[in-house]
Amino acid sequence: MLMTVITGIQGQRQAIKTVGEDSTPSIVTAQRLKDAFAGMDAYIVKELLVPPGQNQDAVKGFEERYQRVAERLVAAAKNISYGDKEQKPIETMQLGYGDYIAKIQQARDAHTRGDANAVLVAYRAAAEIMDNKLLPAADALDEVNLRAIENTYAKEKFSSSKFLFLIVISGVVLISILVGLQLFLARRMRRTFNPWLLVASAIAIGFLNYTVGAFLSASQHLRIATEDAFMSIHGLRQARALTYIANAAESRYLLDPTFATNHEQAFLKNIAQIAKLPKGQTFETVATYYTIEGKKVDGFTGYLAEELNSMTFAGEREALIANLRILGTYLTIDQQLRQLERSGKHQEAIALCIGNNPGQSNWAFEEFKKANQKAFDINQAAFDKSIKQGFQDLDSFEITTPVVLSAIALLSLLGLLPRLKEYA
């Protein structure tokens, strides 16, 4: 029983550590790298859309994300748990990042000179690095750690069941032996009960009950952390990164009219991954349905759909519905922007794109991020709480298990010694 309990507890603790301390921080870092990269790209395009110095918000936003990328690359390098599988994507991002910044600087220099053609040439080269190197490398880093969590959790579910069975069996066997000794002494030596064995039996029953309870509680907290909280954390961060990418594509549509159709398709493709409505529905009708009915909407897909269909924690529903509604507003503004551009009102389209007032694209984008962050924070808090409680459930078993089982053995010996002396 000592070996079974210690081995089972250590295995479960390692699974909680893998999910809570090894893989999840790397995944969140990878996703934050992705939206920091995409955010840089979105802000630099907005900066290039207007004359130099006229969009200081975009300049500030670019510099902030530039700093965040540098910090998160360092954080990712410090938290390598899976060797080359993580190191290679990080190296790709570090190398590509320098090339991207060099091309952006060329675009900025050309922008200052007023050379529109050189701006496009330099920016297209930067965009190719972003789309083909930086964002895929961030996805690769995310994928390595996501697979690690999924594999660890799948193994832990099987291992947990196996060790729980072995713990119960070994505990029942131990209790059966103690009860058998009581019956043997009562029958063969005419003793009604043996106090020492009685106490040993009570301790064994209590310890088995406590161990099984702790094991089940830790498994439940790991399940909540992995299935409920983490999967929502992952989906919400993916939605946030895709919104940054879509935001950049919207601005590229205005900056580079030669490839306007491609940029529009890229925008719609990324938005569809966040939320794709069934035919005949609007964002408002779907949001209302989830508010009133609280049921799944057939044909509604994407990351927000997955989150709305698996809501678990207090406040999560309201945050996700707000996320859905503001995304609908953002798309409506985008349609207005494209209509202005197609009507030859280029400057009005740019003003709508970079504006931060209610009803403008940047405002809607920032509101989406706020709603997304609120839902993310709810799940992050639940994740942290579950991981902490999982560790607490398994705390000190390496000490208490040998102490308790030694006490049972000692009490059994004390109970049997007087009977052994009778034989002498």
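Predicted model, so just to flag it, every value in this text is computed and none were measured.

*Asks:* Which residues make up the nonpolar core, and what values go with them?
*Replies:* Within the largest apolar cluster, 125 residues are counted, with the highest numbers of intra-cluster contacts made by Phe 37, Met 93, Tyr 100, Tyr 123, Phe 300, Leu 324 and Leu 327. The greatest single-element share of this core, amounting to 25 residues, is contributed by helix 5 (residues 195-255). The contacts of Phe 300, once residues within four sequence positions are left out, are Ala 275, Lys 276, Leu 277, Pro 278, Val 286, Tyr 290, Ala 305, Leu 308 and Leu 324.

*Asks:* Which residues make up unusual backbone geometry, and what values go with them?
*Replies:* Of note, the phi angle at Ser 396 is positive, near 70 degrees, even though the residue is not glycine. Given a relative accessible area of 32%, Ser 396 falls into the partly exposed group.

*Asks:* Explain a nonpolar patch on the surface residue by residue, including any values.
*Replies:* A cluster of nonpolar residues, Trp 196, Leu 410, Leu 413, Leu 414, Leu 417 and Leu 420, forms a patch on the protein surface that exposes about 540 Å² of accessible area. In terms of residue count, helix 12 (residues 397-423) provides more of the nonpolar patch than any other element does, 5 residues in total. You can see Leu 414 is positioned in helix 12. Relative accessible area serves as the criterion here: at 32%, Leu 414 is assigned to the partly exposed category.

*Asks:* A description of the environment of Asn 309 should follow, citing residues and the corresponding values.
*Replies:* Looking at where Asn 309 falls in the secondary structure, it is placed in the loop between helix 8 (303-308) and helix 9 (316-342). Not counting residues within four places of it along the chain, the set of residues in contact with Asn 309 comprises Tyr 290 and Lys 296. A polar contact is formed between the side chain of Asn 309 and the side chain of Tyr 290, at a distance of 2.6 Å.

*Asks:* How would you explain the pattern of salt bridges if you had to name every residue and give the values?
*Replies:* Scanning all chains against the criterion turns up 21 salt bridges. Here Arg 124 ties to Asp 256 by a salt bridge, and the two come within 2.7 Å at their closest N and O atoms. Residue Arg 124 is located in helix 4 (residues 116-188), and its partner Asp 256 is located in the loop between helix 5 and helix 6 (260-274); the two are separated by 132 residues in the primary sequence. On the basis of relative accessibility, which here comes to 32%, the residue Arg 124 falls in the partly exposed class. Among the salt bridges present, the one from Arg 252 reaches Asp 131, with a minimum N-O distance of 2.9 Å. Placement of the pair is Arg 252 in helix 5 and Asp 131 in helix 4, with a sequence separation of 121 residues. With relative accessibility at 9%, the residue Arg 252 sits in the buried group. The class for Asp 131 is partly exposed, based on a relative accessible area of 34%. Linked through salt bridges whose partners overlap, the residues forming this network are Asp 35, Arg 72, Arg 237 and Arg 240.

*Asks:* How would you summarise helix 3 (residues 84-113) if you had to cite specific residues and measurements?
*Replies:* For helix 3, which comprises 30 residues, the first-to-last C-alpha distance of 43 Å matches the rise-based estimate of 44 Å (1.5 Å per residue) to within 8%. Contact partners of the buried residues in helix 3: helix 1 (2-48), helix 2 (56-78) and helix 4.

*Asks:* Lay out the packing of aromatic side chains with the relevant residues and their values.
*Replies:* In the structure shown here, the tally under the stated rule is 7 aromatic pairs. With a centroid separation of 5.1 Å and 80 degrees between ring planes, the pair formed by Tyr 244 and Phe 365 is classed as edge-to-face. Highlighted residues: Tyr 244 in helix 5 and Phe 365 in helix 11 (residues 361-393), separated in sequence by 121 residues. Across the pair, Phe 365 and Tyr 244 agree in class, each one buried. Among the aromatic residues, ring-to-ring pairing joins Tyr 244, Phe 267, Tyr 330 and Phe 365 into one connected group. Just above the ring of Phe 376 sits the side chain of Arg 237; from NZ or CZ to the centre is 5.1 Å. In this structure, Arg 338 packs its charged tip against the face of Tyr 253, placed 4.4 Å from the ring centre.

*Asks:* An account of the environment of Thr 4 is needed here, citing residue identities and associated values.
*Replies:* Here Thr 4 shows up in helix 1. Take Thr 4: its relative accessible area is 17%, and that puts it in the buried class. With 227 residues separating them along the chain, Thr 4 and Met 231 place their C-alpha atoms 31 Å apart. Non-local contacts of Thr 4, meaning those with residues more than four positions away in its chain, are made with Phe 163, Leu 166, Ile 167 and Ser 170.

About the criteria used
Residue indices begin from 1 for each chain and proceed along its sequence in written order. Predicted model: local features are reported for residues with pLDDT of at least 70 only, side-chain atom pairs are reported and counted for 80 or more only, and whole-chain, interface and lining totals are derived from all residues. As a convention, hydrogens and water are excluded, and side-chain values are obtained from all of the structure's heavy atoms. To define a nonpolar core, start from buried Ala, Val, Leu, Ile, Met, Phe, Trp, Tyr and Cys residues and group those joined through side-chain atoms within 4.5 Å. Throughout this description, buried means an accessible area under 20% of the type-specific maximum (1.4 Å probe, protein chains only), exposed means over 50%, and partly exposed covers the range between. By definition, any uninterrupted DSSP run of H or I lasting at least four residues is a helix, any uninterrupted run of E lasting at least two residues is a strand, and each is numbered from the N terminus. Contacts between residues were defined by any pair of non-hydrogen atoms, one from each residue, lying within 4.5 Å. For patch building, the residue pool is restricted to those with more than 30% relative accessible area and no salt bridge; the joining distance is 9 Å between like charges and 5 Å between nonpolar side chains (Val, Leu, Ile, Met, Phe, Trp, Tyr). Only the protein chains shown count as cover for residues, and the accessible areas themselves come from Shrake-Rupley with a 1.4 Å probe. A pair is scored as a salt bridge if a Lys or Arg side-chain nitrogen falls within 4 Å of a carboxyl oxygen belonging to Asp or Glu. Here a polar contact means two N or O atoms within 3.5 Å. Within protein one must be a hydrogen donor candidate and the other an acceptor candidate, and residues neighboring in sequence count only if both atoms are side-chain atoms. Expected helix span is taken as 1.5 Å per residue step, with the number of steps being one fewer than the number of residues. In summary, the pairing rule links any two rings of Phe, Tyr or Trp, Trp by its six-membered ring, whose centres are within 6.5 Å, and it sorts them by plane angle into stacked for under 30 degrees, edge-to-face for over 60 and tilted for everything else. For a Lys NZ or an Arg CZ to count as sitting over a ring, it must be within 6 Å of the ring centre and within 35 degrees of the ring normal.

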